[in-house]
Every structure is written in C-alpha cells, then in structure tokens.
Amino acid sequence: MNDEPWNIGRLLTWTTDFLRDKGADSPRLDAEVLLAHARGCQRIELYTSFEEEPADEIRTAFRELVRRRAEGTPVAYLVGHREFFSLSFRVTPDVLIPRPETEQLVVQAIDLSKTLAVSHIADVGTGSGILAICCAKHIPDSQVTALDISPAAIKIAKANAEKHGVADRIEFLESDLLTGCPAGARFDLIVSNPPYISTAEMAELDGDVRNHEPHLALDGGAEGTEVIERLIPQAAERLNPGGWLLVEVSPHNAERVAGLVAAAAGMTLRDTINDLANLPRVVQAQRK
C-alpha cells in the first residue's frame, strides 16, 4: 500500500496521468486549473503549496471536477470562466468557449478604429459578449450594439459587460442577426463570429466541443456558410458608407466567404487576415 500523503504535488501528478489516459489535450493544465478552482486560489499559488494536503472537502470537490472532465466536459464550463484578450469572461454551456483565434478579429477592429471614425459598432452573434466588450473597452467613445438569437447568451453577455465596466456603452438585443435592429440603425463597423462549421465538419469535431458546446453557435449548414450568406446583405444595408464588416470564418470556407462578399451588392472585398497559424481566419469587406 502506498502511504504517501495526497498532497497537492501528488494530486496534480496523478490527475495529469489520469487525464492523459482519458485523451485530454492538456492534462497538466487541466489538472492545475481544476485544483485551483476547488481550492479557491490562483493557479500560480499551487506551485508554492506542493507539500500541502488539501482538506477533505477540497479533495471531494476536485475529484468530482476531474470525473466530469474525464467524461468530456470542457474545463471552462467546469470552472465557469475563460480568459480572452487578457480579460476573464463568464461562460456556460449556453455560449461558445472563447478561442485565441478570435483575438485576431479584435486586433483588426482596434487597428481600424485608429485610422477611421468608428463610433457605432455591431457585434452579431455576441455569445458571451467577448467581441462587444473588447471593442467597448479598447475603442474610445464607441457605442456597441450586441445581438444574439439566444436569450440565455444575452444574459451571460450582459453579466460580463457589467463585470468589465462597459454595460453603459453596450445595447443588448435578442435578434436573428441584424433583423432586430431599429429601422434607422447604421454602423461604422460590424464584427461577427458566426456559426461557420459545415455539417460534415460537425461530425468530426472533438467530443469536448461536439457534445458540450451549443450547436446553434457552431453549425453553419452544408457548406458552413448558411448564416454568413444571410449576414452579408444585412450588413451591406446597415453599414455607413466606408464602413467595415469583419467576419471570422473557417480556413476551409474562407475562399467561399470571400466570393460571397465579392458578389454582394454594395460591398468591396478587402484582404483576408490570417491567424497565428497562418490560416485564413477573418474575411473583411467594406461598404462602397
């Protein structure tokens, strides 16, 4: 019998091996995030506490988190938050978990605001509110309209906006794309991370994503562009002259989306932006 104490160091080592055997992509990170959450501390604090033996209630809570992680529940949903653009956002299974790739869209929105007059912004399909909130925080004096068809997502986005002190500059609307905007609403910039995964790709997604994240925010139909095909003409009607549309896409359908933009009345296709893996990620269009 192994009489070694179940201190933090041993818990992390055992859990890392266990989650690796279960197919986790980042078993050590998962173990640390979950134990820090159960312990109510920052992850960095674990490194100065390896010899500490957690109380029984902490070990019980940690054990339950590890069990659910091994079954495929994403870590972000287990701990209830995820970092994006150096901010912490509340997430639940009602919204997508923010991805680093989407930060490229935020960077481009901020860069555009430095050379253009950007005062009215729309975030279509806001989800947890990451794009709307980052734009409000980093684009001075901007007013943002955040839209989502899901009332549950709107509720989470509102809470995140309150947390980050920008709720007074964001209007939240339950809306199917831009259809719920007031008749006269016009924007200088429209950003969107819409559903862009094709039906075939949906079947091949990692189980953590396919079985836990909302399909409403992922499934873009047969070609992955069904929602985007509706968004482009709506954006053309709502953009001020010279205004920009930034849409996150899949590398698999970026060329198709660019073609849709090029064929859209009133829109001029601009250069597609690659992500850090050098894959096409953000399709850009400008209102003529």
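Our structure is the block above this text.
No experiment lies behind these values; they were computed from the predicted model shown.

(A) Highlighting the pattern of salt bridges. Within this structure, the stated rule accounts for 12 salt bridges. For the salt bridge of Asp208 with Arg69, the shortest nitrogen-to-oxygen distance reads 2.9 Å. Of this pair, Asp208 sits in helix 9 (residues 207-210) while Arg69 sits in helix 3 (residues 56-70), and the two are 139 residues apart along the sequence. In this structure, Arg281 engages Asp275 in a salt bridge whose closest nitrogen and oxygen atoms are separated by 3.0 Å. For Asp275, a relative accessible area of 8% puts it in the buried group. A network of salt bridges, in which partner residues are shared, links Arg28, Glu32 and Arg43.

(B) Geometry of the packing of aromatic side chains. Counting across every chain of the model gives five aromatic pairs. Ring geometry for Trp6 and Trp14: centres 6.4 Å apart, planes at 85 degrees, overall edge-to-face. Overall, the relative accessible area of 27% leaves Trp6 in the partly exposed class. On the accessibility criterion, Trp14 (46% relative accessible area) is partly exposed. For the pair Phe84 and Phe89, a centre-to-centre distance of 6.3 Å together with 70 degrees between the ring planes defines the contact as edge-to-face.

Criteria and thresholds
Residues numbered from 1 in each chain as written. Predicted model: local features only at pLDDT ≥ 70, side-chain atom pairs only at ≥ 80, totals over all residues. Heavy atoms only, no water. Salt bridge = Lys/Arg side-chain N within 4 Å of Asp/Glu carboxyl O. Helix = DSSP H or I, 4+ residues; strand = E, 2+ residues; numbered from the N terminus. Buried < 20%, exposed > 50% of the residue type's maximum accessible area, 1.4 Å probe, protein only. Phe/Tyr/Trp six-rings, centres within 6.5 Å; stacked < 30°, edge-to-face > 60°.

That's the geometry; what it means functionally is another story.
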